[in-house]
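What follows is the residue order along each chain.
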Amino acid sequence: MIVPKNANANNSDNAIIALDSNAILEKYGIAKKCDVWFDALLAENKKLNLVSRETTREDLKRLSAESVLPLEYSQQSSFALHLDIGSGGGFPAFPLMLTDRIKRTTMVERTQKKALALRRILGAMHMEAGIIAQTFEEANLEPSYELITIRLVALTPKLLVPIVSHLAIGGIFIYYAAPPPLPPAMGLQVKTVRYSSGPSSPVKELAIITKNR
């Protein structure tokens with residue numbers, strides 16, 4: 001099952017989405033593209049731990065499905081500029097780029113070896129993206145982005161402020177975890193999505209944060 005397009009995009013609720021990885025990857029036309037990407041990722045993973053060595057292709061498929069799930073709630077058909085902070089092994093940046101919904105992605109990955117591995121994966125995939133081998137705070141970024149994503153990075157108040165300052169009006173910030181309390185004065189609208197990949201899988205959360213002013 002996949003959540004209906006743009007369903008209940010204003011507020012969080014208690015519903016738990018049953019996420020079918022195969023269905024959502026097929027829906028966005030990236031199932032075969034992901035297989036090619038997994039080959040490149042796993043080849044690099046033999047040299048450097050981009051993802052856990054115990055990670056299977058089914059795990060990678062699930063992570064890719066989780067990466068594109070927020071698109072189900074987006075009113076925008078495409079994004080001109082996308083910023084991914086703490087890109088690591090390429091989630092969620094690569095699955096999102098493979099959908100062709102993003103014109104240009106910039107990945108910020110402070111670990112030099114991981115940044116180099118991401119560049120090699122891009123080359124193997126014949127894809128283009130910007131990669132900045134610095135911290136988010138050090139990086140020379142565009143003034144604003146229509147889409148900003150973070151996974152496996154703690155969203156502290158110190159980090160939230162510059163993220164929001166780089167988010168375009170009407171743009172969305174996807175945080176792949178339950179959101180912390182957000183100051184009302186920042187003019188942010190939050191939709192929390194709860195989902196599970198199966199009866200024995202844990203319930204996870206992600207936050208889709210829209211900048212209204």
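Residues numbered from 1 in each chain as written. Predicted model: local features only at pLDDT ≥ 70, side-chain atom pairs only at ≥ 80, totals over all residues. Heavy atoms only, no water.

Moving on, we get to the confidence of the model for the protein chain. Mean pLDDT over the protein chain stands at 91; residues scoring 70 or higher make up 94%. For the stretch residues 3–11, pLDDT sits under 50, and the model shows 25 contacts to residues farther than four places along the chain or on other chains. (pLDDT = per-residue confidence, 0-100. Contact = heavy atoms within 4.5 Å.)

Let us look at the sheet that holds strand E2 (residues 79–85). In space, the eight strands of this open sheet follow the order E1-E7-E8-E6-E5-E2-E3-E4, with mixed pairing throughout. Lying at the two open borders of the sheet, with one neighbouring strand each, are strand E1 (16–18) and strand E4 (130–132). Here the average twist between neighbouring strands, direction ignored, is 20 degrees. As paired strands, strand E7 (residues 188–196) and strand E8 (residues 204–211) are joined by eight bridges and run antiparallel to one another. Within E8, the residue paired with Gln 189 across the bridge is Thr 210. Against the sheet, helix H6 (residues 157–165) engages E2, strand E5 (145–150), strand E6 (167–175), E7 and E8, with an angle of about 140 degrees to E6. (Pairing = 2+ DSSP bridges. Helix = DSSP H or I, 4+ residues; strand = E, 2+ residues; numbered from the N terminus. Axes fitted to C-alpha atoms, helices over the stretch in contact; angles between N-to-C directions.)

With 12 residues, helix H3 (residues 57–68) extends 17 Å between its outermost C-alpha atoms, agreeing within 8% with the 16 Å of an ideal straight helix rising 1.5 Å per residue. Residues of H3 that are buried include every one of Leu 60, Lys 61, Leu 63, Ser 64, Ala 65, Glu 66, Ser 67 and Val 68, and no others. Packing partners of the buried residues in H3 comprise helix H1 (21–27), helix H2 (31–45), helix H4 (93–98), E7 and E8. (Expected span 1.5 Å × (residues − 1). Buried < 20%, exposed > 50% of the residue type's maximum accessible area, 1.4 Å probe, protein only.)

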